[in-house]
Amino acid sequence: MTRTAPPRFAAWLLRAVTPSEDRAFVFSDLHEEFETYASSHGVTWARRWYVRQVLTSIVPLVAARFDPPRVTQFAQHVRHSLGAVRAAPGASAAAITTLALGIGANTAVFSVVDAVLLRPLPYTQPERLVSVWQVRSGQRTVVAPGDYAEYAAAPHVFEALGAYMPATRALSAGDAAEELPGDVVTVNLFPMLGVQPALGRTFTPEDARPGAAATVIVSSALWHSRFASDASIIGRSVSLNGEPQIVIGVMPADFVPPSGFASADAPTFFLPAPEVSTVASRADRTLHLIGRLAPGVTLAQAAEVLNRIDATLATHYAANRDTRAALASLDRDITRGVRVSLIVILACVGLVVLIASVNVANLLIVQAMGHRHEFAIRLALGAARSDIIFEYAVRGLVLATAGATSGIAVGIWTRDLLIAAAPASIPRLNDLTLNPRVLGATALITVATGLMAGAIPALQLLSDSRRGDLNVTAKSSASSPRARRWQGALVAAEVAAAVIIALGAGLLVRSVIQLNRIDVGFETERVLTMRLRPPQGNVDPAARLLFFQHVSERIARIPGVQSVAFANDFPLRGGWKGKLQVLGRGEPVDAAAEFQAVSDSYFATLSVPLLRGRFFDATDQGDSPPVIVVSQTFADQLLRGQEPIGAIVRRNPAAPALRIVGVVGEIRRNGKFAEAAPQVFFPATQTRTYAVGLEALAVRVVRGDPRTWLPAIRQVIAEEDAQQTLSRVRALDELLKASVASWRFNMLLLTSFAGLALMLAIVGVHGVVAHAAAQRTREIGIRTALGASRSSIIASIVGSALRWAAAGVCVGLVGAYLLARGMAAMLFNTAPTDALTYGMVTGLMLIASLCASYLPARRAAAADPVHALRNP
Amino acid sequence: MGKGEYLGEFELYVMAAVARLADEGYGVTIRREIETRSTRSVAIGAVYATLSRLEQKGYVDFHFSDPRPVQGGRSRKHVRLTARGRRALAEATSMLARMLPDLSLLAKLR
């Protein structure tokens, strides 16, 4: 029996789309007709008719919901807003420019944040990839092969665990060889990441078997630069470190290996790692581990399993004591160095946009004040409050959209600037596009800015009207106290935001100043360093010494060269550490120090001052009594009280005794962030006393860029031994600058924002005070006529402005403190509560507010009282 | 009408129906009126949406009848033209007559 009721689903649908005020009527009407048709045409027909009615009614009802009058109103408001913009071109241009700067800066910074922090890594299912390392005695370290094998064998943790190790090889082309950076990777790494070569094939387990043919995969960049993009490279043999390798694949151009994210030298080749078993070394910590978690396994669970393995290993092997595995998701790990600073920068640029919106809001308030009487009339005649808010919201949106369109252009340009200026320590800054996320964020900021800038004036006007402050008989320029309070509050908000950014910038400036103060103890200007490696394997130390001595002598004769030195390595590049014993009165004392083997001219080349005794000289030859030179720090820390010259030191009880002949100034071998550790210098000639190879050359020139001497240096080396590979050519000041580059960058960025914020805040304060003073011309006129001095009037105007500014500063200082706490990792030798910075920022803001309010106050006070009284 | 928008086609029909129904029309009767005369089916939702628009323009207003004296009877929302609405309707129809060169053209346009 067919139901005699309308279809339930259709009824539900109708209920959903009909506006509430008409719902009952629509239903009853439809039902009435349904029953009529049911009796005349049958229930089935009636039900079908009902459904047809509902379906054809959906569109008109929904469209009515969105209130077409609102749509036409919107278009009208947009037209009016454009008219208002044209009517006040100066003010509008200021507003739009302000918004463009704010939104543009925001877009630029957000682009960078998106590329670095939000964009997924270019691998398959990157959220399941993790980075694995070890923590030993509180320090992070990479993993030894034996431990890697243990972790890889752990059940139910990883779908796959791969590893890579940066390596350099000399690629021979004809007579010359060039050292190139690359990675040794486990054969499961690329499949685990989900990347395929563009040409050829990836590694297979066969490539890792002992005795397998030597294979290599090259990067796209190397294929273009060295092999002319020749497709026949697959199967060809190339010589790396003198050994032939068959090229089996070329990686795609957009491939970024995990090691390539943060380094300036992207790997150019990939070699397969031999199979690793659990009996492999546990002491050679060389492997970077990347794993893919098995389905359903969390980081915490994986960490737990691995730590249990660590505990077991610690009981079996001394090398594993106090060693724990640690994991983090790969993208968080890659960006861990810059995460905090990027977020701080994003927050600050958000504050800049806030200030920009407040400026525009103030501007609109001023414009609205001029139309007060018009609003009063409209409200009296029954205009809805929501209409007025709507109109102003549209006006704000129009300004914001205009600002955003030019802002995007500003943003792209600024972003490119940012990327060019960014230090190498920021990973993933390649291949930026305006992707939907960035555009979406920009749109969101634009809408929020526009709504805020528009709504505030509207709300202020309406609250005025509610209290009957709007004067319908208009023309009175007496400003309402409420309007002034709104503007004052907005000024306070602007000042607060500017204080926050300025304080962040100030702390960074102080950090950079502290950084600059640090003296590394050696000269970095005009010094070029490079690595010289023999073509393969070990060379007789005596022959090596001879080679370096010859090369040094010849290079020293090149015009313009001030000094040449050679060593195992130079500061800022590396060195080695070790233990020793100091022999003196009583028991030998164990100690640790940083070691280097250096030529006689080392100290002169690097301008390390001699404090006591002597440098190495011709009397210190291979067969002479072993001597060393130490740094002042060594003498202070390890020779307490003992006379350094003549003191005896030895590496271990079996090693020869070393006599100290000189003390030099303290050195921070690893740069500004390192401690000044005790240093021990071995003379390069006494090869028996040190175990490392001589590998580095430093050339100091008289003036200019030391790199210009590179061709001459290369020639000398080639003439002496063509097989030597020259690599890692770096000027020492480059290296030093690079180490502080990210601090400088953050500082520059934040000071730019602070400057922008300050400028906008000054403009804002100026505008508000000017407007407020203009509103009070009558009052000022009266006071002047009654004998008030000009300066007292100025003082009262400036005074009220300063009160608002001071309120803003107070709020701002609290916010600034919170920011400073969050920024602690970005600071160097500067406390988040550094009183000097807080004091200076406060002073700066108050002075700026003073200046910004003084000019308009002076102008207002100078107004002719007669004129003011006559035309209120 | 003064400056403002022109009446849309459907708005015109609804107002004409309301006028015909001597200000006692409501959803069902208005819909039926247009549907019969136009020989096209008319959605009740379109009628209500149009009435809402006309009310906002000030051309119609509503009055509500008492609930009908049957079980579950509801009150009805009746529509009538306002003075403004009557003027708008008259202007629209006379404008139409002025625009069309010849009423006999209508027959030829069919």
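Predicted model only: the values in this text are computed from it and were never measured. Residue positions within a chain follow its written sequence, with the count starting from 1. Chain letters start at A and ligand numbers start at 1, both assigned in the order the entries are written. Residues qualify for local features only when their pLDDT is at least 70, as the model is predicted, and side-chain atom pairs are given and counted only at 80 or more; totals for whole chains, interfaces and linings, by contrast, use all residues. Note that the side-chain values use all heavy atoms of the structure and ignore hydrogens as well as water.

Right, let's get into the overall build of chain A. Scanning chain A from terminus to terminus reveals 25 helices and 22 strands. Our radius of gyration looks at C-alpha atoms and nothing else; its globule reference is 2.2 Å times the residue count to the power 0.38. Computed over C-alpha atoms, the radius of gyration of chain A comes to 37 Å, more than 25% over the 29 Å expected from 2.2 N^0.38 for 872 residues, which places it beyond the range of a compact globule. Taken along the three principal axes of its C-alpha coordinates, chain A extends 110 × 100 × 55 Å. Partly exposed describes any residue whose relative accessible area lies between the buried limit of under 20% and the exposed limit of over 50%, with all areas from a 1.4 Å probe on protein chains only and scaled to the type maximum. Residues counted as buried form 50% of the 872 residues belonging to chain A. Here a residue-residue contact requires only that any non-hydrogen atoms of the pair lie within 4.5 Å. Restricting the contact set of chain A to residue pairs at least 6 apart, pairs at least 24 apart contribute 80%. Element-wise, carbon and sulfur atoms account for 60% of the exposed surface of chain A, whose accessible area totals about 39,100 Å². Positive and negative side-chain charges in chain A, numbering 81 and 64 respectively, have mean positions lying 9 Å apart. Segments assigned H or I by DSSP are reported as helices when at least four residues long, segments assigned E as strands when at least two residues long, and all are numbered from the N terminus. Note on areas: Shrake-Rupley, 1.4 Å probe, and residue coverage restricted to the protein chains presented here. Positive charges come from Lys and Arg alone, negative charges from Asp and Glu alone, with His and the N- and C-terminal ends not counted. A charge is said to be at NZ when it belongs to Lys, at CZ for Arg, at CG for Asp and at CD for Glu.

Another point: the overall build of chain B. Counting its secondary structure elements, chain B contains five helices and three strands. Secondary structure elements in chain B, listed N-terminal to C-terminal, are α-β-α-α-β-β-α-α. Buried positions account for 36% of the 110 residues belonging to chain B. Once local pairs closer than 6 in sequence are excluded, the contacts in chain B between residues at least 24 apart make up 50%. When the accessible surface of chain B is totalled, it reaches about 6,900 Å², and 54% of it is carbon and sulfur.

A separate point is the environment of A:Arg544. Residues and elements named next belong to chain A. Tracing the chain through its elements places Arg544 in helix α17 (residues 541–556). With 321 residues separating them in the primary sequence, Arg544 and Pro865 have C-alpha atoms 93 Å apart. Definition of a polar contact: a pair of N or O atoms within 3.5 Å, with one able to donate and the other able to accept a hydrogen when the atoms are protein atoms, and with sequence-neighbouring residues admitted only if both atoms are side-chain atoms. One polar contact links the side chain of Arg544 to the main-chain carbonyl oxygen of Leu694, over a distance of 3.0 Å.

Counting residues at the interface gives 22 residues for chain A, matched by 21 residues for chain B. The junction of chain A with chain B conceals about 1,800 Å² of combined surface from both sides, 53% of it contributed by carbon and sulfur atoms. A quick way to say it: buried area is the sum, across both parts, of accessible area lost when two parts are put together, with a 1.4 Å probe. When the area that chain A buries against chain B is broken down by residue, the three leading residues are A:Phe25, A:Asp29 and A:Glu33, summing to 29%. Salt bridges are defined as contacts in which a side-chain nitrogen from Lys or Arg sits within 4 Å of a carboxyl oxygen from Asp or Glu. Counting across the chain A and chain B interface gives four salt bridges. One salt bridge connects B:Lys77 with A:Asp22, and the closest N-O pair in it is separated by 2.3 Å. On the surface where chain A and chain B come into contact, there are ten residue pairs in polar contact (both at pLDDT 80 or more).

Residues and elements named next belong to chain B. By definition, two strands form a pair when at least two bridges between them are found by DSSP. Read across the open sheet, the three strands follow the order β1-β3-β2; overall the sheet is antiparallel. The two strands at the open ends of the sheet, each matched to only one other strand, are β1 (25–26) and β2 (60–64). Of the pairings in the sheet, the one linking β1 to strand β3 (residues 77–81) comprises two bridges and is antiparallel in character. Its bridge partner being in β3, Tyr26 is matched across the sheet by His78. The strands touched by helix α3 (residues 44–57) within the sheet are β2 and β3, with β2 carrying the most contacts at an inclination of about 115 degrees. Here, axes are lines fitted to C-alpha atoms. For helices the fit covers the stretch in contact, and angles between N-to-C directions go from 0 to 180 degrees.

Residue and element names in this part refer to chain A. Each nonpolar core is a collection of buried residues, namely Ala, Val, Leu, Ile, Met, Phe, Trp, Tyr and Cys, held together in the definition by side-chain atoms within 4.5 Å. Of all hydrophobic cores here, the largest spans 93 residues; its most connected members are Val116, Val495, Ile501, Leu750, Phe753, Ile797 and Met823. Contributions of two or more residues to this core are made by α5 (89–118), α12 (339–370), α14 (385–421), α15 (436–466), α16 (481–517), α21 (732–775), α23 (790–822) and α24 (835–861). Sorting elements by how many residues they give to this core places α21 first, with 17 residues. For Ile501, the residues in contact, after removing those within four places along its chain, are Cys348, Leu351, Val352, Leu750, Phe753, Ala754 and Ala757. In this structure, Ala597, Leu638, Ile660 and Ile713 belong to the second largest nonpolar core, which totals 46 residues.

We now examine the pattern of salt bridges. Counted by the stated rule, this structure contains 32 salt bridges over all chains. In this structure, A:Glu391 and A:Arg395 form a salt bridge, with 3.8 Å as the shortest nitrogen-oxygen distance. Residue A:Glu391 and its partner A:Arg395 are both found in helix α14; the two are separated by four residues, about one turn of the helix. Judged by relative accessible area, A:Arg395 falls into the buried class, the value being 10%. Salt bridges here are not isolated pairs; linked through shared partners, they connect A:Glu33, B:Arg31, B:Arg32 and B:Glu35.

What follows covers helix α9 (residues 220–227) of chain A. Residues and elements named next belong to chain A. Turning to α9, its buried residues number three or more, namely Ser220, Leu222, Trp223 and Phe227. Within α9, the buried residues cover an arc of 165 degrees as seen down the axis, which keeps them to one side. In α9, the exposed residues that point more than 90 degrees away from the buried face are Ala221 and Ser225. Trailing α9 by a residue or two, Ala228 shows a phi angle of about 55 degrees, which is positive. In this context, the arc is that of the directions from the helix axis out to the C-beta atoms.

All names here are of chain A. Examined against the element boundaries, Asn241 turns out to sit in the loop between β7 (237–240) and β8 (243–250). Once the C-alpha coordinates of Asn241 and Leu199 are considered, the two residues, 42 residues apart in sequence, prove to be 24 Å apart. Of the polar contacts made by the side chain of Asn241, one reaches the backbone nitrogen of Ala170; its length is 2.6 Å.

This next bit is on the packing of helix α1 (residues 8–17) of chain A against helix α2 (residues 20–41) of chain A. Residues and elements named next belong to chain A. Where α1 meets α2, the axes come as close as 9 Å, and the angle between the chain directions of the two elements is 150 degrees. By the criterion of interaxial angle, the relationship of α1 to α2 is roughly antiparallel. You can see that α1 and α2 cross each other, and the crossing is right-handed. Judged by residue contacts, Ala11, Leu14 and Arg15 of α1 engage Arg23, Val26, Phe27 and Leu30 from α2. By residue class, the composition of the contact of α1 with α2 is five nonpolar, no polar and two charged. Here the word oblique covers every angle except those under 35 degrees (roughly parallel), over 145 (roughly antiparallel) and from 65 to 115 (roughly perpendicular). Less than a right angle of anticlockwise turn of the near helix away from the far helix marks a crossing as left-handed, whereas a clockwise turn marks it as right-handed. Following the grouping adopted for this structure description, the nonpolar residues are Ala, Val, Leu, Ile, Met, Phe, Trp, Tyr, Cys and Pro, the charged ones are Asp, Glu, Lys and Arg, and the polar ones are all others, Gly among them.

All names here are of chain A. Criterion for a disulfide: a pair of cysteine sulfur atoms at a distance within 2.5 Å. In total, this model carries zero disulfides over all chains according to the counting rule given. Considering cysteine sulfurs only, Cys851 is the nearest to Cys810, which forms no disulfide, with 19 Å between them. Accessibility expressed as a relative area gives 51% for Cys810, which makes it exposed. Given a relative accessible area of 48%, Cys851 falls into the partly exposed group.

Time to look at the packing of helix α1 (residues 9–20) of chain B against helix α2 (residues 27–38) of chain B. Residue and element names in this part refer to chain B. Look at α1 against α2: their axes get within 9 Å of each other, and the N-to-C directions meet at 110 degrees. Relative to α2, α1 is oriented roughly perpendicular. Viewed along their axes, α1 and α2 form a crossing whose handedness is right-handed. Judged by residue contacts, Phe10, Tyr13, Val14, Ala17, Val18 and Arg20 of α1 engage Ile30, Glu33, Ile34 and Arg37 from α2. Here the residues of the contact of α1 with α2 are counted per class, giving seven nonpolar, no polar and three charged.

This part is about the packing of aromatic side chains. All names here are of chain A. Put simply, two rings from Phe, Tyr or Trp (the six-membered ring, in Trp's case) pair if the centres are within 6.5 Å, and we call them stacked under 30 degrees between planes, edge-to-face over 60, tilted for the rest. If you walk through the whole model with that rule in mind, you get 25 aromatic pairs over all chains. Measuring from centroid to centroid gives 6.3 Å for Tyr123 and Phe261, while their planes differ by 70 degrees, and the two rings are edge-to-face. In this pair, Tyr123 sits in the loop between α5 and β1 (129–136) while Phe261 sits in the loop between β8 and β9 (269–272), placing the two residues 138 residues apart along the sequence. Both residues of the pair, Tyr123 and Phe261, count as buried. With 5.6 Å between their ring centres and 85 degrees between their planes, Phe595 and Phe682 make a pair best called edge-to-face. Here Phe682 lies in strand β20 (residues 679–683) and Phe595 lies in strand β15 (residues 589–598), a separation of 87 residues in the sequence. Comparing Phe595 with Phe682, the two get one shared label, buried. Each member of the aromatic cluster is reached from another via a ring pair, and the members are Phe570, Tyr602, Phe603, Phe615, Phe616 and Phe681. For a lysine, the NZ atom is tested; for an arginine, the CZ atom; a charge sits over a ring if that atom is within 6 Å of the ring centre and within 35 degrees of the ring normal. Of note, Arg140 hangs over the ring of Trp133, and the distance from its end group to the ring centre comes to 3.8 Å.

On average, residues of chain A score 86 in pLDDT, and 95% of them are at 70 or above. Taken together, the stretch residues 472–478 of chain A has pLDDT below 50 and engages in twelve contacts with residues farther than four places along the chain or on a different chain. You can read pLDDT as the predictor saying how much it trusts each residue, on a scale of 0 to 100.

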